Amino acid sequence: MSLTKGGSTSKCGDGCRPAPFNGSPKNRRRALLLVAAVPLLFAVSAMLGPSGVGLPDTASVSGRAILDLRLGRFFMGMLVGAALSTSGTVFQAILRNPLAEPYVLGVSGGAGLGAALSILVGGAFIGAIGLPLTAFAFALLTLLVVYAIANQGGVPSVYSLILSGVIVSAICSSVIMFLVSTADIEGMHTVVWWMLGNLQPASWAEQFVSLAFILAAIVGLWLFAPALNVLTLGREMAHYQGLDAGFVTISSLLLSTLLAATAVSMGGMIGFVGLIVPHVMRSIFGPDHRWLIPASAIGGGAFLVLCDALARTLMAPVEIPVGVVTALAGGPFFLIVLRKKMKYAWID
Amino acid sequence: MPGSTDRLKPALAFRGVTAGYKGRTVLREVDFEIAEGEFVSLIGPNGSGKSTMLKTATGLVKPLEGRVELFGREVSSLKPRERASLIGVVPQKLESPMAFTVAEIVMIGRSVRGRWGGPDAADHDSAERAMIYTNVLDLKDRLFNQLSAGEQQRTALAMALAQEPRIIMLDESIAHLDINHSQEVLRILMNINREEKITVLLVSHDLNLAAQIADRLMLIDKGRLVRNGSPGEVMEEELLRRVYDCDLRVRRDPFSGNPVVSGVLDAALRRPPVRKRLHVISGGGSGIELFRRLLIEGFDLSAGVLNRLDSDSEAARALDIPAVLEQPFSPVGGEALSQARRMVEAADGVVAGLVPFGPGNLVNLDLAELALKAGKPVWLAAGIASRDYTPGKAAAAKARELCDGGAVEWSNIHELMAQVEQTWPQPKTQQ
């Protein structure tokens, strides 16, 4: 038997290849179901709202406006959900920690601070790109600060990263609190409402810019998928496997920071999606990021759209902040899924 | 690419390498070459720089001074993928927090080839060969995390093999495996080294294992390469004592001839001295356990007459027990006997082990008689008749005579210890 030379030395024929990266046919079926859920949710989203159940009358002006609003919400939900969930997936892979998500590393906190500042101070002049860009700049700054705190010579450990992330995150939220408490009534209301998380459609220009950012970042991360698979074995192993681990780590951290920042600037502080959806998708599709990243994107989007639809209808005409629904409705559901399939999601 | 020219170049060469981490130099002026196809083991105490050397060899740690060459090319000049196709690393413990199967982990070794899409036929073949080689093919659909440590380590080895590297380095990868699994991994390593001509660098803190398997040992101490040579050259008692800063002994394994090092822990285990000297009559390995137990109980010992090269005489030497030695396979001569008599006269008692008696060593029983006559206690292992190869069963007769004269028979070591304890009660340890 020869190891380095070719030849048919294998004990088994063509029928029994080692299955690399999970039984693909199974995953394909599951992916199809997930993709099929999107138009369904689109329809559901168009029919649900505080103004009543059913398609709005498109003949009337108000009906068209309501439909517009509902479709805008669908669009926002898909984008924000996809961004948060993909970002969480990548953070978990890079930090090799099941608790990692944009919030834990302070990235969301930084983005939130940036967004709050630009809402309160910047206001009019920053325009469509301004909000996501300010959020991104602040998120990036936070990430750098977190890294600098954690870095005590050499490569910072995951634990010190998370610890300093939590600290910086807390500082960011207290600064936001301070800003809110000193703001005028109107500004305070805007920021608080935004912080609770809501998917009120932004301007089309802003949505378009966000769409571009989010799509580009998700595709970019998807391209890193095989590298992320290797990276889950640790940076050192990745190096031995011929990966430029530093480059991959930094690029994917940047891309997922961009995702988180854009999501926060669009929808505020929506929790839960970035943490739990990746775990559920991992338990369904396995840990291969070539499946996991698109699945997380679609799954996160679908989950948020569903939660938003519930948020709009449950107590109509009063709208519940979507961040409340994600945790309240999603928690128990995902708990059931994870309890059944925990061993495929994460093992430590 | 296996080129024809770089075949002549060493697989791995350190040329005056000084390396370390931020503000801490670990390796100092390290110089060595490993030829392609060699099996080399890097040994040294904890914290001596073994792992740093491995990281420097793979380019993970950049040398501050000097050059590290892989097949004649400077490591830092290699593209990551080129480097990974030359050198594979099996870590101390591969950890995959996510639920990858064995096949998936092994296939990660193929990511050296750097395609985004699914693996092709060549990847499958290579991964499969690696799994067959390491005997994990049956486990391919199992989750890596649910495997035993040995199976995980074989999977990690399979992953490194799937890279199809020309040199494999193992970072104390077998240190935490039990003997069965570590032997299995070692067997695989020897196979890939011999059959596939893959160069192996095994980092190990297990000196005996390293000496057992490697063609060459490199001993590193405080970041410096202090000895580089055959196991016999490196496993030198004085050198190892200095490097490991502890009392140890190097013997030759009677079966393989390999040098074997053992720590001298016995001293710490011993009871407070009872200030009694026992003379032990043994031979052929029957004395080893006696020596050990009696030393632990706090006795001073002497031994003999033993033949040189007898395993008891080796044990006596290792344990610093004064012993009278006779030439191998020779009957005990007058001079040795008179020496042994003097020892028995100095002793407080005599213990005879489960030694077979023949014409050559029958006189040893005279030593027991001598002690008995001097009123000293004598313990004889029971059943001498079955070990008696003297003409006319002289030893059994002598034993009966001794027992009549007051010698006590013992049938197992616990019994012996109880009898000895009865004669000389242990001094009570201070509360």
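All residue numbers here refer to positions counted from 1 along the written sequence of the relevant chain. As a convention, the first chain written is A and the first ligand written is 1, with the rest following in written order. A pLDDT threshold of at least 70 governs which residues receive local features in this predicted model, and a stricter bar of 80 or more applies before side-chain atom pairs are shown or counted, although totals over entire chains, interfaces and linings include all residues.

### Brief notes about the overall build of chain A
The test is simple: Comment: elements are numbered from the N terminus, with helices defined as DSSP H or I runs of at least four residues and strands as E runs of at least two. Counting other C-beta atoms within 10 Å of its own, a residue is labelled buried from 20 upward, exposed at 12 or fewer, and partly exposed in the gap between, with every C-beta atom placed from the backbone. Here, residue contact means that the backbone-derived C-beta atoms of the two residues sit within 7 Å.
Scanning chain A for helices and strands turns up 13 helices and 0 strands. Counted from the first residue to the last, chain A has its helices and strands arranged as α-α-α-α-α-α-α-α-α-α-α-α-α. Looking at chain A as a whole, 48% of its 348 residues are labelled buried. Taking all contacts inside chain A whose residues are at least 6 apart in sequence as the whole, residues at least 24 apart take part in 76%.

### Here we look at the overall build of chain B
Our working rule: Just to be clear, the radius of gyration here is over C-alpha atoms, and the globule rule we use is 2.2 Å times residues to the power 0.38.
On a plain count of helices and strands, chain B comes out with 16 helices and 18 strands. Here the C-alpha atoms of chain B give a radius of gyration of 29 Å, more than 25% beyond the 22 Å that 2.2 N^0.38 yields for 431 residues. With the C-alpha coordinates aligned to their principal axes, the bounding extent of chain B is approximately 90 × 50 × 45 Å. By residue count, 44% of the 431 residues in chain B fall in the buried class. Considering only residue pairs separated by 6 or more positions, chain B has 65% of its internal contacts joining residues 24 or more positions apart.

### Quick word on the confidence of the model for chain B
Note the threshold: On a scale of 0 to 100, pLDDT captures the predictor's confidence in every residue.
Residue-level pLDDT values for chain B average 86, and 94% of them are 70 or greater. By mean pLDDT, the top-scoring element of chain B is strand β16 (residues 349-352) of chain B (94), and the lowest-scoring one is helix α10 (residues 266-269) of chain B (56).

### Quick word on the domain arrangement of chain B
Interfaces are often described in size by the accessible area the parts lose on coming together. The condition that has to hold: Note that the domain bounds reflect an automated or database-derived domain assignment.
The domains assigned to chain B are domain 1 (12-256) and domain 2 (266-423). The C-alpha centroid of domain 2 of chain B is placed 48 Å from the C-alpha centroid of domain 1 of chain B.

### Some details on the pairing of strand β10 (residues 224-229) of chain B
Counted only if it meets this: Two strands qualify as a pair provided that DSSP identifies no fewer than 2 bridges between them.
Relative to β10 of chain B, strand β9 (residues 216-221) of chain B runs antiparallel, the two sharing 5 bridges. Across the sheet, the residue bridging to Leu217 of chain B is Gly229 of chain B, located in β10 of chain B.

### What about helix α11 (residues 288-296) of chain B?
One full turn of an α-helix is made of 3.6 residues, so residues set three or four places apart face in the same direction. Residue and element names in this part refer to chain B. Condition: By construction, the arc corresponds to the directions joining the helix axis to the C-beta atoms.
Within α11 the residues assigned to the buried category are Leu290, Phe291 and Leu294. The buried residues of α11 occupy one face: seen down the axis, they fall within an arc of 100°. Packing partners of the buried residues in α11 comprise β13 (277-281), β14 (300-307), α12 (311-318) and β16. Directly after α11, the chain includes Gly298, whose backbone phi takes a positive value near 95°.

### Description of the sheet that holds strand β18 (residues 408-410) of chain B
Residues and elements named next belong to chain B. Note the cut-off: For helices, the axis comes from a line fit to the C-alpha atoms of the stretch in contact; other axes are also lines fit to C-alpha atoms, and the angle between any two N-to-C directions lies between 0 and 180 degrees.
Pairing is parallel in the open sheet, where 6 strands are placed in the order β15-β14-β13-β16-β17-β18. In this open sheet, the two edge strands, each paired with only one partner strand, are β15 (323-326) and β18. The sheet shows a mean angle of 20° between the axes of neighbouring strands, taken without regard to direction. Here strand β17 (residues 378-381) pairs with β18 via 3 bridges, running parallel. Bridge pairing in β18 places Ala381 opposite Trp410.

### Describing the pairing of β15 of chain B
Residues and elements named next belong to chain B. Under the convention used in this document: By convention, a crossover is right-handed whenever its connection, traced from the first strand over the helix to the second and viewed with the strands pointing away, goes clockwise.
Bridging between β14 and β15 involves 3 bridges; their strand directions are parallel. When the sheet's bridge partners are listed, Ala303 is paired in β15 with Ala323. As for the winding sense of the linkage, the β-α-β connection from β14 through α12 to β15 is right-handed.

### Details of helix α5 (residues 149-162) of chain B
All names here are of chain B. Test applied: A helix is expected to reach a length of 1.5 Å times the quantity of its residues less one.
The end-to-end C-alpha separation of α5 is 20 Å, in line with the 20 Å expected for 14 residues at 1.5 Å each. With 12 of 14 residues buried, α5 is to be regarded as a mostly interior element. Every buried residue of α5 is listed here: Glu151, Gln152, Gln153, Arg154, Thr155, Ala156, Leu157, Ala158, Met159, Ala160, Leu161 and Ala162. One or two residues past the end of α5 sits Glu164, with phi positive at roughly 50°.

### Looking at the sheet that holds strand β8 (residues 199-204) of chain B
Residues and elements named next belong to chain B. The 6 strands are arranged β6-β7-β8-β3-β9-β10 in an open sheet whose pairing can be described as mixed. For this open sheet the edge positions go to β6 (87-90) and β10, each flanked by a neighbour on one side alone. Looking at each pair of strands side by side, their axes are set apart by 20° on average, direction ignored. Relative to β9, strand β3 (residues 39-43) runs parallel, the two being bridged by 4 bridges. In the strand pairing of β9, Leu42 is matched with Met218. Here α5 sits on the sheet in contact with β6 and β7 (167-171), set at roughly 170° to β6.

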